[in-house]
Amino acid sequence: MEARVQVISREMIKPSCETPHHLKNMRLSYLDQSTPAIYFPILFFYRADESKGLTTSNHARISQRMKRSISDTLTSFYPLAGRIQDNFVVNCNDDGVVFVHARSGARIVDVVRESNMEEKYLKQYIPCSDRYHSTCISNIRPLFLVQVTCFDCGGIAVGVSFLHKIADLASVMAFMGAWAGACRGEGGDEVSRVSFNLANFFPAKDSLGSNDSRFPVSDENFVTKRFVFDKEKLRALKEAAINPSGSTTVNNPTRIELVSSFIWKHLIDFSKLKNGAERSIIFGASHAVNLRPRKNILKNMFGNCIILSSAFSDTTTANANELQELVSKLRRCIRRIDDDYITESQSGDRALNDLQELVTQLITSTKVEEEEDEQGLLFEWCCFTSWCRFPLYEVDYGWGRPLWVCTTALPLKNLIVLMNTKCGEGIEAWANLNKDNLNLLETKIQLISITNNNYNN
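*Asks:* Lay out the sheet that holds strand 5 (residues 89-91) with the relevant residues and their values.
*Replies:* Backbone hydrogen bonds hold the strands of a sheet together, and the pairing may be parallel or antiparallel. The antiparallel open sheet is built from 3 strands, whose spatial order is 2-5-4. On the outer flanks of this sheet lie strand 2 (25-27) and strand 4 (83-85), each paired with one strand and no other. The average angle at which neighbouring strand axes cross in this sheet is 30°, direction not considered. Taken together, the 3 bridges between strand 2 and strand 5 define a ladder with antiparallel strand orientation. By the bridge assignment, Arg-27 is partnered in strand 5 with Val-89.

As structure tokens, this is what we get:
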């Protein structure tokens, strides 16, 4: 499908009320400091609905209402309108968020029907441009960008890009829910409950002030593609994971554990075979773990209230790469982020030490010329983040629930975002991999079935 997106206007939207002087500086936590300064995109597509006023003739009024409501909402979420300084503080100076108004000649039903979503097409609906691709901290980089694309058929796409340095998905969804409520003319109690004091629990570290990010940023060799694991594929993976030859079975693996382990397993297989020869590697997999449901005092925190927890597979160990073994490793690594772990990370450096250990391995894996460690092993890495428990399909600006929610153009190499399908029964895996691995993974996913449940080959 040929895209036809035209930018009509680009402006900066400021909070409707000036941020009070005593709130002008929001300290970053060390969880924020250690998060790379990259933009994450989310796309919400809404079908035209004359009964709810979503029509072509109303697009101009809708755009103005969305600008007013985002301005009002920024008064409560004032850090998003600020700018980061020196990887220590958000200067809540009310500089504003970017608001792009665009138009597309495509039909929205055709956009969401594409069976093979291409990054080069979808990225036209997100407010990204080359000048925002740097990973360096700058006091002029906006923290939040919006693009409202009006379709000639009457539908609308709302694309947002948020700087991960300032917020995780839970924080962004709190803002999106409040903004949508304001657009509907409703006030939300959730706004008053949001706390911007994450740094009180995870104080900033001087050692992290340089913003020397070691996470492998995507390049032209990497592409983001969607893979759908429907309920039949999930059932087949579960059947395979609970009938192993070993003794490490997880009795009731979750959908997230199954899909993550399946992708991790095949990335290991792809990496250990190079130029027809098998290599010995250690392949790590990290999952972003939300701390809020694990410690009640963090429940309403704004910011990066997440910790990366990692598991490692050594291909020199027998059966280390079998699906059920990887499911078991992932479960252990996610569940170890408990109340005790969080407390030790607040009062000490447990999470930071784990992160630094991972970063040390990433430095090795991202060198231009691959180098082996002292045991002759190569390091590789992938990262998963699950958006499945977040109310993406409940963002209602007054036109009802979205027709489809997705992401695209992910910013890190080997990053996989897991989302619910709209019906809630399946998983969409958005994987940012090199093109060869994408094609290999697609073939492996197509082969999943109940009758062929041997995924260890």
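Now that the structure has been shown, the text picks up again.
*Asks:* Give a detailed account of the nonpolar core, specifying residues and quantitative values.
*Replies:* One finds Phe-45, Val-158 and Tyr-397 to be the most contacted residues of the largest nonpolar core, which totals 86 residues. Top contributing element to this core by residue count: helix 5 (residues 169-183), with 9 residues. By size, the runner-up hydrophobic cluster in this structure holds 58 residues, among which are Ile-337, Cys-382, Ile-416 and Ile-445.

*Asks:* Explain the packing of helix 9 (residues 255-272) against helix 10 (residues 323-335) to me, using residue names and the numbers behind them.
*Replies:* Packed helices, taken two at a time, are described by the angle between their axes plus the distance between the axes. Between helix 9 and helix 10, the shortest axis-to-axis distance is 9 Å and the interhelical angle comes to 120°. Considered as vectors, helix 9 and helix 10 are oriented oblique to each other. Both helix 9 and helix 10 take part in a crossing whose hand is right-handed. Note on element contacts: helix 10 touches helix 9 through Leu-323, Leu-326, Val-327, Lys-329, Leu-330 and Arg-331, opposite Glu-257, Leu-258, Ser-260, Ser-261, Phe-262, Trp-264, Lys-265 and Ile-268. Partitioning the contact of helix 9 with helix 10 into residue classes produces 8 nonpolar, 2 polar and 4 charged.

*Asks:* Please give an account of a positive patch on the surface that cites residues and values.
*Replies:* Judged by side-chain charge, Arg-47, Arg-113, Arg-401 and Lys-422 come together as a positively charged surface patch. Within the element layout of this structure, Lys-422 appears in the loop between strand 16 (415-420) and strand 17 (427-434).

*Asks:* Let's hear about the sheet that holds strand 16: which residues, and what values?
*Replies:* If you walk across this open sheet you meet the 6 strands as 9-17-16-14-12-13, and the pairing is mixed. Strand pairing shows two members of the sheet lacking a second neighbour, strand 9 (222-229) and strand 13 (306-314), which therefore form its edges. On average, adjacent strands in this sheet sit at an angle of 20° to one another, irrespective of strand direction. Bridging between strand 12 (residues 281-290) and strand 14 (residues 378-386) involves 7 bridges; their strand directions are parallel. Counterpart to His-287 in the pairing with strand 14 is Phe-384. Across the sheet, helix 10 touches strand 12 and strand 13, and the angle it forms with strand 13 is around 150°.

The rules behind each value
- Residues numbered from 1 in each chain as written.
- Predicted model: local features only at pLDDT ≥ 70, side-chain atom pairs only at ≥ 80, totals over all residues.
- Heavy atoms only, no water.
- Pairing = 2+ DSSP bridges.
- Helix = DSSP H or I, 4+ residues; strand = E, 2+ residues; numbered from the N terminus.
- Axes fitted to C-alpha atoms, helices over the stretch in contact; angles between N-to-C directions.
- Core = buried A, V, L, I, M, F, W, Y, C linked by side-chain atoms within 4.5 Å.
- Buried < 20%, exposed > 50% of the residue type's maximum accessible area, 1.4 Å probe, protein only.
- Parallel < 35°, antiparallel > 145°, perpendicular 65-115°, else oblique.
- Left-handed = near helix turned anticlockwise from the far one by under 90°.
- Contact = heavy atoms within 4.5 Å.
- Nonpolar A, V, L, I, M, F, W, Y, C, P; charged D, E, K, R; others polar.
- Patch = residues over 30% accessible without salt bridge, like charges linked within 9 Å, V, L, I, M, F, W, Y side chains within 5 Å.
- Areas by Shrake-Rupley, 256 points an atom, 1.4 Å probe, with all protein chains shown as cover.
- Salt bridge = Lys/Arg side-chain N within 4 Å of Asp/Glu carboxyl O.
- Lys, Arg positive; Asp, Glu negative; His and termini not counted.
- Charge placed at Lys NZ, Arg CZ, Asp CG, Glu CD.

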